[in-house]
Amino acid sequence: MSRWKALPAELHPHVHQLIVRLRRLKDHSELSTRQLAAKTGYSARSWQRYLNGRSLPPLEAVEAMARIGRDDPARLLVMHETAAQRWAEGRTAGTAPPEDSSATPDHTPTERQPHGRALRVAVAAGAVVTVLSVSVALLLAVRLTEARAKLAHDRADADVTAPATVSESLVPVIYTCRLERRGDRWHAGLSSTTDILLSNTQVGLEVAEAQCLLRRAGTAPGDIDGVFGPKTRRAVERMQKQNGLIVNGVIDPPTWQALRKAAPE
């Protein structure tokens, strides 16, 4: 049994309950934080912050922990939703007061305005979701523009054919998969990486390499365009499910290993 540090006293009971549950699941799995990082795609330092109450774990990390610990994901996600609301309230208020405070001047107005506070939190949460959605779309557009510019520059300077078909307007259309088996590993001729984490909005040769390997594995991601979008994420999730991996839509080291692994001859 792990000896855990005491959680910060200012944590709301709902946040405290979620973290204690995650600690129990980690103990049950008998995984170290490094092993947990390899299975979930979140770093060991991130898990240390989550499990010590210094940072609220994201929804995807909680889902991954539920699968690893064989816990009911629906119950754990409800706990996370409640904890996230309390965490946001604590952030809005600055420093949350102790739960056992007996100061009557602050106690009465708090009880009189529960609906007003809930409404403010809901509005703030909606605004955050909207901003994040717009930010992700802008980030993807910027990264795609940068990748296109770099590809056009490389093609102009190269003496050999570039690994992507380019239209007259120098906009990348599709990469060419050059699948080759080397020993017990598959390669597509675009990148040799086996450990770079790839997820939504990322752009580049590593993404195109993964898309080629996903197509070879039978979970086609659509065009081999080097853009990690919704189709690529769904293809990754299908591939992870078929191989018994943590289904998180992130190409992490275990997913790279499964993509490159070749069946014995």
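That block above? That's the structure.
Remember, it's a predicted structure, so these values are computed and weren't measured experimentally. (Residues numbered from 1 in each chain as written. Predicted model: local features only at pLDDT ≥ 70, side-chain atom pairs only at ≥ 80, totals over all residues. Heavy atoms only, no water.)

(A) Structural context of the nonpolar core. Residues V15, L18, W47 and L76 are the most contacted members of the largest nonpolar core, which totals 24 residues. Sorting the residues of this core by element identifies α1 (13–29), α3 (44–51), α4 (59–68) and α5 (73–93) as the ones contributing at least two each. Tallying contributions element by element places α4 first for this core, with 6 residues. Residues within four places of W47 in sequence aside, it is in contact with L36, A37, T40, Y42, A61 and M65. Listed in part, the 14 residues of the second largest apolar core include A210, L213, M239 and W256. (Core = buried A, V, L, I, M, F, W, Y, C linked by side-chain atoms within 4.5 Å. Buried < 20%, exposed > 50% of the residue type's maximum accessible area, 1.4 Å probe, protein only. Helix = DSSP H or I, 4+ residues; strand = E, 2+ residues; numbered from the N terminus. Contact = heavy atoms within 4.5 Å.)

(B) Seen up close, the state of the cysteines. A complete count under the given rule lists 1 disulfide for this structure. The disulfide partner of C177 is C212, and the S-S distance across this bridge is 2.0 Å. On the sign convention where negative is left-handed, the bridge of C177 and C212, at about -85° about the S-S bond, is left-handed. Taken together, the residues C177 in the loop between β2 (172–175) and β3 (180–182) and C212 in helix α8 (residues 205–216) connect sequence positions 35 residues apart. (Disulfide = S-S within 2.5 Å.)

(C) View of the side chain of T40. Inspection of the secondary structure puts T40 in helix α2 (residues 33–40). There is a polar contact of 3.3 Å between the side chain of T40 and the backbone nitrogen of Y42. (Polar contact = N/O pair within 3.5 Å; in protein donor to acceptor, adjacent residues only side chain to side chain.)

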